[in-house]
Amino acid sequence: MTAVGRGIRNAFRNAVRMISVVVILGLAIGLSIVMLIANHSVAAKVATTLSSIGNAVNIGLPGYSTGMQLGKHLTTAELAPIAHFHGVTSIDEILSGSADPLGKRQNATSSASARTSLRPVNLSPVLYFSGSTQPTNPVSIGASTLRIVNGHVISGTSLADAAMVSTAMARKNGLKVGSTFTAYGKTLTVAAIFDSDNQTGNDTVVISLPVLERLTGDTGQVSSAVVTVASLSELAATTSAIEHALGPVASVTSNLAEASQALGDLDGVKSIALYSLTGAVGAAVIILFLVMVMIVRERKREIGILKAIGASNGRIMAQFTTEAATFTLLGLVAGLIAGIVTGSAVTAALVSHSGASSATGSAGLSGAPSPFLGHLTDVSAQVGWGVILEALTAAVVVALLASAATTWMIGRIQPAEAVRSE
Amino acid sequence: MLEAREVTKSFRSGNGTVTAVNGVTMTIADGEFVAIVGRSGSGKTTLMNLLGALERPTNGIIIADGQDITQLSPRELVHYRGRKIGFVFQSYNLVPNLTSTENVMLPMEFIGVGKSERRTRARQLLEQVELTGVKQQRKPGRMSGGEQQRVAIARALANKPSIILADEPAGNLDSQTSSTIIDLLRGLSHSEGTTVIVVTHDATIADQADRMLQLEDGRLLPATQAAGEDVR
């Protein structure tokens, strides 16, 4: 039998002690793993959310959401300088319009030209028209996704009377690519059919900005714009620069600003998990250290005898380190089981008790909850190989740290003392 | 040959210093069976520890087979204890969760003997001390004192040491078992040419030695001829 074999066997030498040590270590390691899972899961959620936010700055009219500024617009001339700002890669200028659908009783304010032959998908009182320089930008229809399923994307600068409609609207109105319908007194041709993840988006007809300007008579005006910035790191600075340039005529927000509160709360959960993880690993080190100190003191005589019969310090240290590693490994197995079983529930509890849940209800630019924040508190526990590998690394660190002091004690034991203590 | 020259060992005790071994000079020939006797606290165990390199003397030198062991490095001391010395203790000091065979195999593992070779030799040694069959697979807790001391002797012999140091080897045994153990050590000394140094306060055991050295207050008294034996 080798030193390693003796170390493993010694771990089982006292069954009651072994079970006690493994249970206590298992609890500490289990807590570490739960916190590791929470940390990983929240970090993954933050990363996903940040990537879904995109590098976009939204420009709108102040008070747009409350209806105070209806009828007023920004101008393309006001937005033109923004294209030259540092970090700006593109600007999507959007003009919003609406038309009364077929069969809808016209109200007093509706002009004869603001009508359409289309019927809404969801009993909406109006049909929305979005004139965009980037027609595939989902923000222009208030959605987070816009996917072309049939036909060809229209050009945002095209003067042709072409439009893109949602699958739902196409089905409702019996449209397909090449079909025509009327709006604002003109005949438009369906160039593409798209899918979006939003009900408002499904009731929105997308056309190019110049066409909608011509149809509505709002030439050179836009309702809103989406500025794309080169990187997420430049988003805050660029947002600030645009805000400064446009002054009070516009409301400038980035999704990052909207998300910062909620993400800050999630970061808080991450920090709590990290501190708890550190504390739990520290507790595991202290527990194992004290156990090993107790074992070494208890076996001081045996260590002395081993030295007297020719064992080197290194060999005895290897034996005790193996014993500590065996305890840690058993504790790790117990902790992994406990951690995996409870990780999801603890992560959910941590997230739900953070401020992230209330932040997800905050209104975006248009007054609706931001689409990328809607599921922010829906954090699923992630138990991947990364977590297991990190737990294993932590366990090795625990065993080594706890053994370090033990090996120092072993080195100081004089064999003569053990013999003299007879 | 084992030789001690003016060996002194002092310990700090409270505010003062206690000299457990005080200027001991002696020579023990190869294959000699020597008894070191003295009252409790006379320095017998300390002298044995010094000869076995379990601790270093405060002054003086100890020469074993021409090598001054007081000048050895910690690594060389491990080598010396592992290959040249075999210890037998009063309380046997076997590792409790190892079987008899595994206890005897232990010192051989420390000097790098292969597993099958050390198992074979361990069995042979246990048979030599008359422990056979299932007793070779028993753990110390299920063995009598005499059987445990036999295992301890077999363990001391494992690496074919030139010197066996036995501290009160029969101290916990009845007179009959004690006699058997001493006969065993004496027989080894004569048949294998192993130097055996027994520390005891039992006159009966001391009488069976080739030579008796008497310690008093850490000093060695003039050599005494053991009863019935020639002085070497």
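The following refers to the structure shown.

Definitions and limits used
Residues numbered from 1 in each chain as written. Chains lettered and ligands numbered in written order. Predicted model: local features only at pLDDT ≥ 70, side-chain atom pairs only at ≥ 80, totals over all residues. Heavy atoms only, no water. Helix = DSSP H or I, 4+ residues; strand = E, 2+ residues; numbered from the N terminus. Buried < 20%, exposed > 50% of the residue type's maximum accessible area, 1.4 Å probe, protein only. Contact = heavy atoms within 4.5 Å. Areas by Shrake-Rupley, 256 points an atom, 1.4 Å probe, with all protein chains shown as cover. 1 Å grid on protein atoms, 1.4 Å probe; cavity = no way out; pocket = protein on both sides within 12 Å on 5 of 7 lines; lining within 4 Å. Points joined across faces, edges and corners; volume = space filled by probe spheres on them. Nonpolar A, V, L, I, M, F, W, Y, C, P; charged D, E, K, R; others polar. Expected span 1.5 Å × (residues − 1). Arc of directions from axis to C-beta. Patch = residues over 30% accessible without salt bridge, like charges linked within 9 Å, V, L, I, M, F, W, Y side chains within 5 Å. Salt bridge = Lys/Arg side-chain N within 4 Å of Asp/Glu carboxyl O. Phe/Tyr/Trp six-rings, centres within 6.5 Å; stacked < 30°, edge-to-face > 60°. Axes fitted to C-alpha atoms, helices over the stretch in contact; angles between N-to-C directions. Parallel < 35°, antiparallel > 145°, perpendicular 65-115°, else oblique. Left-handed = near helix turned anticlockwise from the far one by under 90°. Buried area = accessible area lost by both parts, 1.4 Å probe. Core = buried A, V, L, I, M, F, W, Y, C linked by side-chain atoms within 4.5 Å. Pairing = 2+ DSSP bridges. Polar contact = N/O pair within 3.5 Å; in protein donor to acceptor, adjacent residues only side chain to side chain.

## Observations concerning the overall build of chain A
Phase 1: Looking only at helices and strands, chain A has 13 helices and 12 strands in total.
Phase 2: The buried share among the 422 residues of chain A stands at 46%.
Phase 3: For chain A, contacts bridging at least 24 residues in sequence account for 81% of all contacts bridging at least 6.
Phase 4: Just so you have it, chain A exposes about 18700 Å², and 62% of that area is on carbon and sulfur atoms.

## Looking at the overall build of chain B
Phase 1: A tally of helices and strands in chain B yields 7 helices and 11 strands.
Phase 2: Every one of the 232 residues in chain B was classed for burial, and the buried ones make up 54%.
Phase 3: Of the contacts made within chain B by residues no fewer than 6 positions apart, 68% connect residues no fewer than 24 positions apart.

## Remarks on empty space enclosed by the protein
A probe as big as a water molecule, rolled over the atoms, marks out the empty space that is left.
All names here are of chain B.
Phase 1: Within the structure shown, the criterion is met by 3 cavities of 30 Å³ or more.
Phase 2: Quantified by volume, the largest cavity comes out at close to 70 Å³.
Phase 3: Looking at the largest cavity, it is lined by 13 residues, and the ones nearest its centre are Gly-82, Ile-85, Pro-107, Arg-155 and Ala-156.
Phase 4: Of the residues in the lining of the largest cavity, the class split is 7 nonpolar, 3 polar and 3 charged.

## Details of helix H7 (residues 235–246) of chain A
All names here are of chain A.
Phase 1: Between its terminal C-alpha atoms H7 stretches 16 Å, which fits the 16 Å expected from 12 residues at 1.5 Å a residue.
Phase 2: Taken together, the buried positions of H7 are occupied by Leu-235, Thr-238, Thr-239, Ile-242 and Leu-246. Along the axis of H7, the buried residues cluster in a sector spanning 105°; they form a single face. Turned more than 90 degrees away from the buried face of H7, the exposed residues are Ala-237 and His-244.
Phase 3: At the exit of H7 stands Gly-247, carrying a positive phi of roughly 65°.

## So, a nonpolar patch on the surface
Residues and elements named next belong to chain A.
Phase 1: A cluster of nonpolar side chains, namely Leu-329, Leu-389, Leu-392, Val-396 and Leu-400, defines an oily patch on the protein surface of about 470 Å² accessible area.
Phase 2: No other element matches helix H12 (residues 385–412), which puts 4 residues into the nonpolar patch.
Phase 3: Take Leu-329: it is sitting in helix H10 (residues 313–352).

## Here's the deal with the packing of aromatic side chains
Residues and elements named next belong to chain A.
Phase 1: One pass over the structure, following the stated rule, counts 2 aromatic pairs over all chains.
Phase 2: Ring centres of Phe-129 and Tyr-184 lie 5.4 Å apart, and the angle between their planes is 75°; on these two criteria the pair is classed as edge-to-face. Taken together, the positions of Phe-129 in strand S4 (residues 127–132) and Tyr-184 in the loop between strand S7 (180–183) and strand S8 (186–196) put the pair 55 residues apart, joining distant regions of the chain. Just as Phe-129 is buried, Tyr-184 falls in that class too.

## A short note on the packing of helix H5 (residues 145–157) of chain B against helix H6 (residues 175–192) of chain B
Angle between the axes and distance between the axes are the two parameters that describe a pair of packed helices.
Residue and element names in this part refer to chain B.
Phase 1: At a minimum axis separation of 10 Å, H5 and H6 run at an interaxial angle of 15°. Taken together, the axis directions place H5 and H6 in an arrangement best described as roughly parallel. As for the relative orientation of H5 and H6, their crossing is right-handed in sense. On H6, the residues that touch Gly-146, Gln-149, Arg-150, Ile-153 and Leu-157 of H5 are Thr-177, Thr-180, Ile-181, Leu-184, Leu-185 and Leu-188.
Phase 2: Its residues assigned to classes, the contact of H5 with H6 shows 6 nonpolar, 4 polar and 1 charged.

## Focus: the interface of chain B and chain A
Phase 1: Opposite the 28 residues of chain B that make contact, chain A presents 23 residues.
Phase 2: Area buried by chain B at its contact with chain A is led by Asn-97, Glu-109 and Phe-110 of chain B, which between them contribute 26% of it.
Phase 3: Linking chain B to chain A there are 3 salt bridges.
Phase 4: Notably, a salt bridge pairs Arg-315 of chain A with Glu-109 of chain B, separated by 3.2 Å at the nearest N-O pair.
Phase 5: For the side of chain B that touches chain A, the secondary structure elements donating two or more residues are helix H1 (44–51), helix H2 (74–83), helix H3 (100–110) and helix H4 (115–128) of chain B.
Phase 6: Considered class by class, the residues forming the side of chain B that touches chain A number 12 nonpolar, 8 polar and 8 charged.

## Quick word on the nonpolar core
In globular proteins that are soluble, nonpolar side chains generally tend to be buried together.
Phase 1: Counting residues in each nonpolar core, the largest one holds 46 residues, and the members touching the most others are Ile-33, Leu-288, Leu-306, Phe-320 and Phe-327 of chain A.
Phase 2: Contributing elements (two or more residues each) for this core: helix H2 (15–53), helix H8 (255–298), helix H9 (300–308), H10 and H12 of chain A together with H3 of chain B.
Phase 3: Looking at this core element by element, the count peaks at 12 residues for H2 of chain A.
Phase 4: Among residues more than four places away in sequence, those in contact with Phe-327 of chain A are Ala-11, Met-18, Val-21, Val-22, Leu-25, Leu-288, Met-292 and Ile-295 of chain A.

## Digging into the pairing of strand S3 (residues 33–38) of chain B
Residue and element names in this part refer to chain B.
Phase 1: Of all the 6 residues making up S3, 6 are buried; the element is thus mostly covered by neighbouring parts of the structure.
Phase 2: As judged from the 5 bridges shared by S3 and strand S8 (residues 195–200), these two strands associate in the parallel manner. Counted as the bridge partner of Ala-35 is Val-198 from S8.
Phase 3: Looking at chain direction, S3 and strand S9 (residues 211–216) are connected through 5 bridges and run parallel. Across the sheet, the residue bridging to Ile-36 is Leu-213, located in S9.

## Things to note about the environment of Ser-155 of chain A
Residues and elements named next belong to chain A.
Phase 1: Assignment of secondary structure puts Ser-155 in the loop between strand S5 (146–151) and strand S6 (162–166).
Phase 2: For Ser-155, a relative accessible area of 36% translates into the label partly exposed.
Phase 3: Linking Ser-155 and Pro-135, residues 20 residues apart in sequence, is a C-alpha distance of 7.1 Å.
Phase 4: Contact partners of Ser-155, with chain neighbours within four places excluded, come to Pro-135 and Ser-208.
Phase 5: Looking at Ser-155, its side chain comes within polar contact range of the side chain of Thr-157, at 3.2 Å.

## Description of the pairing of strand S9 (residues 204–208) of chain A
Residue and element names in this part refer to chain A.
Phase 1: In terms of burial, S9 is a largely internal element, 5 of the 5 residues being buried.
Phase 2: Pairing between S4 and S9: 5 bridges, direction parallel. Within S9, the position partnered with Phe-129 by the bridge is Val-205.
Phase 3: Where S6 and S9 come together, 2 bridges link them in antiparallel fashion. Residue pairing across strands places Ala-163 opposite Ile-207, the latter belonging to S9.

## A short note on the sheet that holds strand S4 (residues 59–64) of chain B
Phase 1: The antiparallel open sheet is built from 4 strands, whose spatial order is S2-S1-S4-S5 (chain B). In this open sheet, the two strands that pair with only one neighbour each are strand S2 (16–28) and strand S5 (67–68) of chain B.

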